[in-house]
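Each chain, written out:
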Amino acid sequence: MLLAFEDDGPGPVVVLLHGFPLNHSMWKAQLAKIGSLYRVIAPDLRGHGRTAAPTGIYTMDEMADDVLDLLNALQLKEPVVLGGLSMGGYIALSLIARHPERVRALMLMDTRAGADSTATANARLELANTVESSRSNVPVIDAMLHKLFSEMTRSHHADRIEPIRQMMEKTPVRAVAGALRGMAARPDRTSDLARINVPTLVLVGEDDPITPPAEARTMAEAIPGAQFEIIPNAGHLAPLENPSASNTAILRFLASLP
Ligand code: MLT
């Protein structure tokens, strides 16, 4: 499926994959800052943003294949820097595991390599059913929104929360259910981490309750030579909550690439 995308800036390509159930505009601060030095491509993943929402289960492999189709459509045969936040990270891990030749560096943000526990997977499947039967994303927004942001964002940057709520609201129910089912079915990629042989940055918000820093650190330690950055005053959406510290970390990593 052909993804809608934002494509901005000169130079080496950096692809950024958004989290669930958001769209490319969560990368606004990165498109502006990193896009001044690099060509940032930020797709709307299957069912999200301006990309069509087919029915069915959105597996991480299929979503990664969509990204590959986009790179091919843009004639980007050289390996790219691939970054993903949370669900975007699950997709990035699928892509690099199956097509390592397309990735020259990896950025894993507020994400994890492990699969869902049975309880988490069951809760997701139940949420998918609820969203479909109520034809509304409100149950997902209610379950997620309060967990995404740090205390600092809530108290000092509340204006960053509403656009995220709106993004979640706009994502079609079909896509929300499809992605929930796809995430519930995703494989455990922990054993792939030791095989990653490109420079890798693991970045996490210090107050991320969904993929906490301790878990991100363990993931970074499993990837040979990975850099690890904790972003202060940020929760699960670190690049959006603290764009200046996140952009500094990302640009430092990009500048270090051969
Ligand atoms: C996301 O931000 O993409 C989600 O929190 C991922 C998840 O629910 O595992």
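Note: the structure precedes this text.
A brief report on the enclosed structure follows. (Residues numbered from 1 in each chain as written. Predicted model: local features only at pLDDT ≥ 70, side-chain atom pairs only at ≥ 80, totals over all residues. Heavy atoms only, no water.)

1. Thoughts on the overall build of the protein
When helices and strands are counted, the protein shows 11 helices and seven strands. Looking at the 258 residues of the protein, the share that counts as buried comes to 54%. Distance from the positive charge centre (24 side chains) to the negative charge centre (29 side chains) of the protein: 3 Å. (Helix = DSSP H or I, 4+ residues; strand = E, 2+ residues; numbered from the N terminus. Buried < 20%, exposed > 50% of the residue type's maximum accessible area, 1.4 Å probe, protein only. Lys, Arg positive; Asp, Glu negative; His and termini not counted. Charge placed at Lys NZ, Arg CZ, Asp CG, Glu CD.)

2. Quick word on the packing of helix α4 (residues 118-134) against helix α8 (residues 173-184)
In the contact formed by α4 and α8, the axes pass within 9 Å of each other and the chain directions differ by 165°. Here α4 is positioned roughly antiparallel relative to α8, judged by the angle of their axes. The way α4 lies across α8 gives a crossing that is left-handed. On the side of α4, the interface is formed by Ala121, Arg124, Leu125, Leu127, Ala128, Asn129, Val131 and Glu132, while α8 contributes Val173, Val176, Ala177, Leu180, Arg181, Met183 and Ala184. Looking at the contact of α4 with α8, its residues break down into 11 nonpolar, one polar and three charged. (Axes fitted to C-alpha atoms, helices over the stretch in contact; angles between N-to-C directions. Parallel < 35°, antiparallel > 145°, perpendicular 65-115°, else oblique. Left-handed = near helix turned anticlockwise from the far one by under 90°. Contact = heavy atoms within 4.5 Å. Nonpolar A, V, L, I, M, F, W, Y, C, P; charged D, E, K, R; others polar.)

3. Re the site of the ligand
Taken together, Gly19, Phe20, Ser86, Met87, Tyr90, Arg124, Met144, Met183 and His236 make up the full set of residues near the ligand. With respect to the ligand, the backbone of Phe20 contributes an N or O atom lying 2.7 Å from an oxygen atom. A distance of 2.8 Å separates an oxygen atom of the ligand from a polar atom in the side chain of Arg124. Burial of the ligand by the protein amounts to 94% of the accessible area it has alone, namely 270 Å². Its residues placed into classes, the shell around the ligand shows five nonpolar, three polar and one charged. (Near = heavy atom within 4 Å. Polar contact = N/O pair within 3.5 Å; in protein donor to acceptor, adjacent residues only side chain to side chain. Areas by Shrake-Rupley, 256 points an atom, 1.4 Å probe, with all protein chains shown as cover.)

4. A short note on the side chain of Asp116
In this fold, Asp116 is placed in the loop between β5 (103-109) and α4. Relative accessible area serves as the criterion here: at 16%, Asp116 is assigned to the buried category. For Asp116, the side chain forms a polar contact with the side chain of Arg124, separated by 2.6 Å. Polar side-chain contacts of Asp116 include one of 2.7 Å to the side chain of Arg186. Setting aside its immediate chain neighbours within four residues, Asp116 contacts Ala121, Arg124, Met183, Ala184 and Arg186.

5. Some thoughts on the packing of aromatic side chains
Remark: the centre distance and the inter-plane angle together describe each pair of aromatic rings, the angle taken between the planes. Using the criterion set out here, one finds zero aromatic pairs in the structure. Above the ring of Tyr58, the side-chain terminus of Arg46 is found at 5.9 Å from the ring centroid. Arg186 extends its terminal NZ or CZ atom over the ring of Tyr90, reaching a point 3.8 Å from the ring centre. (Phe/Tyr/Trp six-rings, centres within 6.5 Å; stacked < 30°, edge-to-face > 60°. Lys NZ or Arg CZ within 6 Å of the ring centre and 35° of its normal.)

6. Digging into the pairing of strand β2 (residues 13-17)
In terms of burial, β2 is a largely internal element, five of the five residues being buried. Neither face of β2 is exposed, since Val13, Val15 and Leu17 on one face and Val14 and Leu16 on the opposite face are all buried. Bridge count between β2 and strand β3 (residues 39-43): three bridges; the pairing is parallel. Looking at β3, one finds that Val14 is bridged to Val40. Remark: the β2/helix α1 (residues 28-33)/β3 crossover connection has right-handed handedness. Across four bridges, the pairing between β2 and strand β4 (residues 80-85) is parallel. In the strand pairing of β4, Val14 is matched with Val81. (Pairing = 2+ DSSP bridges. Right-handed = clockwise from strand over helix to strand, strands pointing away.)

7. Remarks on the nonpolar core
With 85 residues, the main nonpolar core has Val15, Phe20, Met87, Leu106, Met107, Ile164 and Leu254 as its most contacted residues. Not counting chain neighbours up to four residues away, the residues in contact with Ile164 comprise Leu22, Leu145, Leu148, Phe149, Leu237 and Leu240. (Core = buried A, V, L, I, M, F, W, Y, C linked by side-chain atoms within 4.5 Å.)

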